[in-house]
Amino acid sequence: MPIAISEKTIKREFIEKIASLSGQDINRCFQCGTCGGACPMSGEMDAMPRRIIRMAQLGLEEAVSETRTCWICASCHSCTVNCPRGIDLARVMEAIRLLTLRKNENMVEPSKMPAETVKEMPQIAMVSCFRKLTS
Ligand code: SF4
Ligand code: SF4
């Protein structure tokens, strides 16, 4: 679906925060799509990594936050090692996650997790889940 772009939708602060948190120059991306092709999680994503980068370049914070892509990202770095422009996309995804979590928005609520799930989930998986998905 096309995204309306205007001065209201462009969040320049969002562009700057992604750059400072990730240490990456996302403007180097030339939209080749190699990252999506290399991503083992792309089948589960509602927007390909290439699209996330494009929206981030344009400062479309709301459009980025409406996708689940950064939460599906497994931080495997496959995109990073394959990007012909040397962009560490895994760090960009992490920066996008941090910007959401810093607003005190949790992606999972530990207190609302079913007791059966908590009982069966390996502790290391639970710790990883809370690290990645809670503020
Ligand atoms: S592989 Fe790199 S240059 Fe190509 S779309 Fe992904 S981030 Fe952009
Ligand atoms: S780091 Fe994330 S976006 Fe990159 S290939 Fe792995 S799962 Fe996909």
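A short tour of the structure in this document, coming up. (Residues numbered from 1 in each chain as written. Chains lettered and ligands numbered in written order. Predicted model: local features only at pLDDT ≥ 70, side-chain atom pairs only at ≥ 80, totals over all residues. Heavy atoms only, no water.)

## Re the site of ligand 1
Taken together, Cys29, Phe30, Gln31, Cys32, Gly33, Thr34, Cys35, Arg50, Cys83, Pro84 and Arg85 are the residues near ligand 1. Of the residues belonging to the shell around ligand 1, the class tally is six nonpolar, three polar and two charged. (Near = heavy atom within 4 Å. Nonpolar A, V, L, I, M, F, W, Y, C, P; charged D, E, K, R; others polar.)

## Structural notes on the site of ligand 2
Near ligand 2 you find Cys39, Pro40, Met41, Met45, Cys73, Ala74, Ser75, Cys76, His77, Ser78, Cys79 and Ala90, and these make up its full shell. Broken down by class, the residue content of the shell around ligand 2 amounts to nine nonpolar, three polar and no charged.

## Describing the packing of helix 1 (residues 12–22) against helix 7 (residues 89–101)
Look at helix 1 against helix 7: their axes get within 9 Å of each other, and the N-to-C directions meet at 120°. Comparing the axis directions of helix 1 and helix 7 gives the class oblique. Seen from above, helix 1 lies across helix 7 with right-handed handedness. Between helix 1 and helix 7, the residues in contact are Phe14, Lys17, Ile18, Leu21 and Ser22 and Arg91, Val92, Ala95, Ile96, Leu98 and Leu99, respectively. Of the residues belonging to the contact of helix 1 with helix 7, the class tally is eight nonpolar, one polar and two charged. (Axes fitted to C-alpha atoms, helices over the stretch in contact; angles between N-to-C directions. Helix = DSSP H or I, 4+ residues; strand = E, 2+ residues; numbered from the N terminus. Parallel < 35°, antiparallel > 145°, perpendicular 65-115°, else oblique. Left-handed = near helix turned anticlockwise from the far one by under 90°. Contact = heavy atoms within 4.5 Å.)

## Section: the state of the cysteines
Tallied over the entire structure, the rule returns zero disulfides. In this structure cysteine 129 is not part of a disulfide, and its nearest cysteine sulfur, from cysteine 70, lies 14 Å away. (Disulfide = S-S within 2.5 Å.)

These figures capture arrangement, not role.
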